[in-house]
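Chain by chain, the residues run as shown.
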Amino acid sequence: MSPPVAPPGWSRWLVPPAALSVHLSIGQAYAWSVFKPPLESALGLSGTQSALPFQLGIVMLGLSAAFGGTLVERKGPRWAMTVALVCFSSGFLLSALGASLEQYWLIVFGYGFVGGIGLGIGYISPVSTLIKWFPDRPGMATGIAIMGFGGGALIASPWSAQMLESFGGDSSGIALAFLVHGLSYAVFMLLGVLLVRVPRPAPGAPGIARQASTGPQVSAQQAIRTPQFWLLWIVLCMNVTAGIGILEKAAPMITDFFADTSTPVSVTAAAGFVALLSAANMAGRIGWSSTSDLIGRKNIYRVYLGAGALMYALIALFGDSSKPLFVLCALVILSFYGGGFATIPAYLKDLFGTYQVGAIHGRLLTAWSTAGVLGPLIVNWIADRQEEAGRHGASLYGLSFVIMIGLLVVGFVANELVRPVDPRHHVPAPKEAAHAERQQSEPA
């Protein structure tokens, strides 16, 4: 499948909607918790077991993005979006079969393994193309698309809950909900497949292709040999660990913090808090990434990591005495969490160029896989140990927050150490130009 080249006069503003159609779909992953209680009830699962599809999906996201990144760069966004559509939708269809047959391993395999591959390929599918179309505003462009991943749960959560209420929470109702998800997302993602285009390499393409390839260009193979790549890996891992530490346990955390006060948090209010965090996650992806175009990538990560550590310190010291302070600090942390995801492609573009930025981004997302395990493990394991020791309320999380502050400081230092890539890692201009010509010269 050849990358579809835009005809003369084609508007670059049609690319973000194409990317959004994919990211809003795969963003359903953040709404997996809606299916946990009915699965536990219908199939007799523990909370740990019902989390397996989500955990495997995040691991496969990072691995498939890392191993498939170069292929995505070579074959183009339409091929990548098609693969994402097939895998993500097939994952739901396999899960529907598993629920219908009451075979939980099939749900884990379908949603977690097959669907997780769709998550990874779909996540990186538009990144390189967006940066090439918007060399003047790469942070804003990738922020628009990646915002969809953060906001996908705002659509999927109430939609899934409504389907389970209508179809029933037994195995057949869950199966039907999975089936509807699989078919609906296939149609929605198809819009992106049909709409996406790559910029023309010819001079008649308003300078977009020429602008995008100016400056240093580094291949994915060379990028992982540079200290800059691994410093950014640490930066992303620390920022994501700090954010997901709150996101994964948000409802019980706010309930525990104010359980011993005169104004405890109700179940409904805790659910509203989770919705607010999702909104902050989504808003941060477009707001902070657009800001990075104005103040620079290193400066915006100073904000994410430095101010993030301050927010955690305020929660640890004063969070249980002020509900507005707790909520505000958590919202800021989650906006940094989302902003970090949306800004990292532009940071990579600044350092490594656009030559294989999608492949480099894919390799960097292994930091997300690591953080997806590390963040919940820190918060949950420590909270369990503190509870066993007889502690309760906000004291369950004090040590976790100190660790998160330490991790953010590590990320801050790593960001300070980032320098321009040594010219010995650059791809010679003729080679890069020849590669781009081969990749984009064939018409759709």
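Cut-offs used in this document
- Residues numbered from 1 in each chain as written.
- Predicted model: local features only at pLDDT ≥ 70, side-chain atom pairs only at ≥ 80, totals over all residues.
- Heavy atoms only, no water.
- Patch = residues over 30% accessible without salt bridge, like charges linked within 9 Å, V, L, I, M, F, W, Y side chains within 5 Å.
- Areas by Shrake-Rupley, 256 points an atom, 1.4 Å probe, with all protein chains shown as cover.
- Salt bridge = Lys/Arg side-chain N within 4 Å of Asp/Glu carboxyl O.
- Helix = DSSP H or I, 4+ residues; strand = E, 2+ residues; numbered from the N terminus.
- pLDDT = per-residue confidence, 0-100.
- Contact = heavy atoms within 4.5 Å.
- Axes fitted to C-alpha atoms, helices over the stretch in contact; angles between N-to-C directions.
- Parallel < 35°, antiparallel > 145°, perpendicular 65-115°, else oblique.
- Left-handed = near helix turned anticlockwise from the far one by under 90°.
- Nonpolar A, V, L, I, M, F, W, Y, C, P; charged D, E, K, R; others polar.
- Buried < 20%, exposed > 50% of the residue type's maximum accessible area, 1.4 Å probe, protein only.
- Expected span 1.5 Å × (residues − 1).
- Arc of directions from axis to C-beta.
- Polar contact = N/O pair within 3.5 Å; in protein donor to acceptor, adjacent residues only side chain to side chain.
- Phe/Tyr/Trp six-rings, centres within 6.5 Å; stacked < 30°, edge-to-face > 60°.

Participant: What is the right way to read a nonpolar patch on the surface from this model?
Facilitator: A cluster of nonpolar side chains, namely L93, F167, L176, L179 and L183, defines an oily patch on the protein surface of about 390 Å² accessible area. It is helix α9 (residues 171-195) that provides the largest number of residues to the nonpolar patch, a total of three residues. Structurally, the position occupied by L183 is in helix α9.

Participant: How should the confidence of the model for the chain be read in this particular structure?
Facilitator: In low-pLDDT segments, the atomic positions of the prediction should not be examined closely. Per-residue confidence for the chain gives a mean pLDDT of 86; residues scoring 70 or more make up 92%. Counting interchain partners and residues more than four positions distant, the pLDDT-below-50 stretch residues 204-212 has 16 contacts. The low-confidence segment residues 439-444, where pLDDT is below 50, has 15 contacts with residues more than four positions distant or belonging to other chains.

Participant: Before we go on, may I ask you to explain the packing of helix α12 (residues 227-247) against helix α17 (residues 357-364) in this structure?
Facilitator: The description of two helices packed together rests on the angle between their axes and the distance between the axes. Close contact between α12 and α17 brings their axes to 10 Å; oriented N to C, the two are set at 50°. If you check the angle between α12 and α17, you find them oblique. Crossing geometry of α12 relative to α17 is assigned as right-handed. Residues F229, L232, W233 and L236 of α12 pack against I360, R363 and L364 of α17. Of the residues that constitute the contact of α12 with α17, the class distribution is six nonpolar, no polar and one charged.

Participant: Before we go on, may I ask you to explain unusual backbone geometry in this structure?
Facilitator: Residues other than glycine predominantly adopt negative phi, and peptide bonds predominantly adopt the trans conformation. Although it is not a glycine, E102 adopts a positive phi angle of roughly 55°. Position of E102 among the secondary structure elements: in the loop between α5 (77-101) and α6 (104-124). The exposure class assigned to E102 is partly exposed, which follows from its relative accessible area of 47%.

Participant: What should I look at first to understand helix α19 (residues 398-416) in this one?
Facilitator: Residue pairs spaced three or four apart in an α-helix point in one direction, given the helix's 3.6 residues per turn. For α19, spanning 19 residues, the distance from its first C-alpha to its last is 27 Å, which sits close to the expected 27 Å at 1.5 Å a residue. Taken together, the buried positions of α19 are occupied by S400, F401, M404, L407, L408, G411, A414 and N415. Buried residues of α19, viewed axially, fall in a sector of 130°; they line one side. Where α19 is buried, its residues meet α12, α13 (250-257), α15 (297-318), α16 (323-352) and α18 (366-388).

Participant: Please clarify how the environment of V83 should be interpreted in this entry.
Facilitator: One can find V83 in helix α5. With 251 residues separating them in the primary sequence, V83 and L334 have C-alpha atoms 30 Å apart.

Participant: For this particular structure, what's the right way to read the side chain of H181?
Facilitator: For H181, the position within the fold is in helix α9. For H181, the side chain forms a polar contact with the side chain of S160, separated by 2.8 Å. Discounting residues that sit within four places of it in the chain, H181 has contacts with F35, F92, W159, S160 and M163.

Participant: Teacher, can you tell me more about the packing of aromatic side chains here?
Facilitator: To describe a pair of aromatic rings, you give the distance between the ring centres and the angle between the ring planes. Inspection of the entire model under this criterion finds 33 aromatic pairs. Taken together, a centroid distance of 4.9 Å and an interplanar angle of 70° make the contact between W13 and F134 edge-to-face. Taken as a pair, W13 in the segment before α1 (15-26) and F134 in the loop between α7 (127-133) and α8 (138-167) lie far apart in primary sequence, 121 residues in all. With relative accessibility at 41%, the residue W13 sits in the partly exposed group. The exposure class of F134 is buried, given its relative accessible area of 0%. An angle of 90° between the planes, with centres 5.4 Å apart, marks the rings of F88 and F92 as edge-to-face. Linking F88 with F92, this pair stays in helix α5, spanning four residues, or about one helical turn. Judged by relative accessible area, F92 falls into the buried class, the value being 1%. Every member of this aromatic cluster is reached through a ring pair, and the members are W32, F35, F88, F92, Y111, W159, F178 and Y185.

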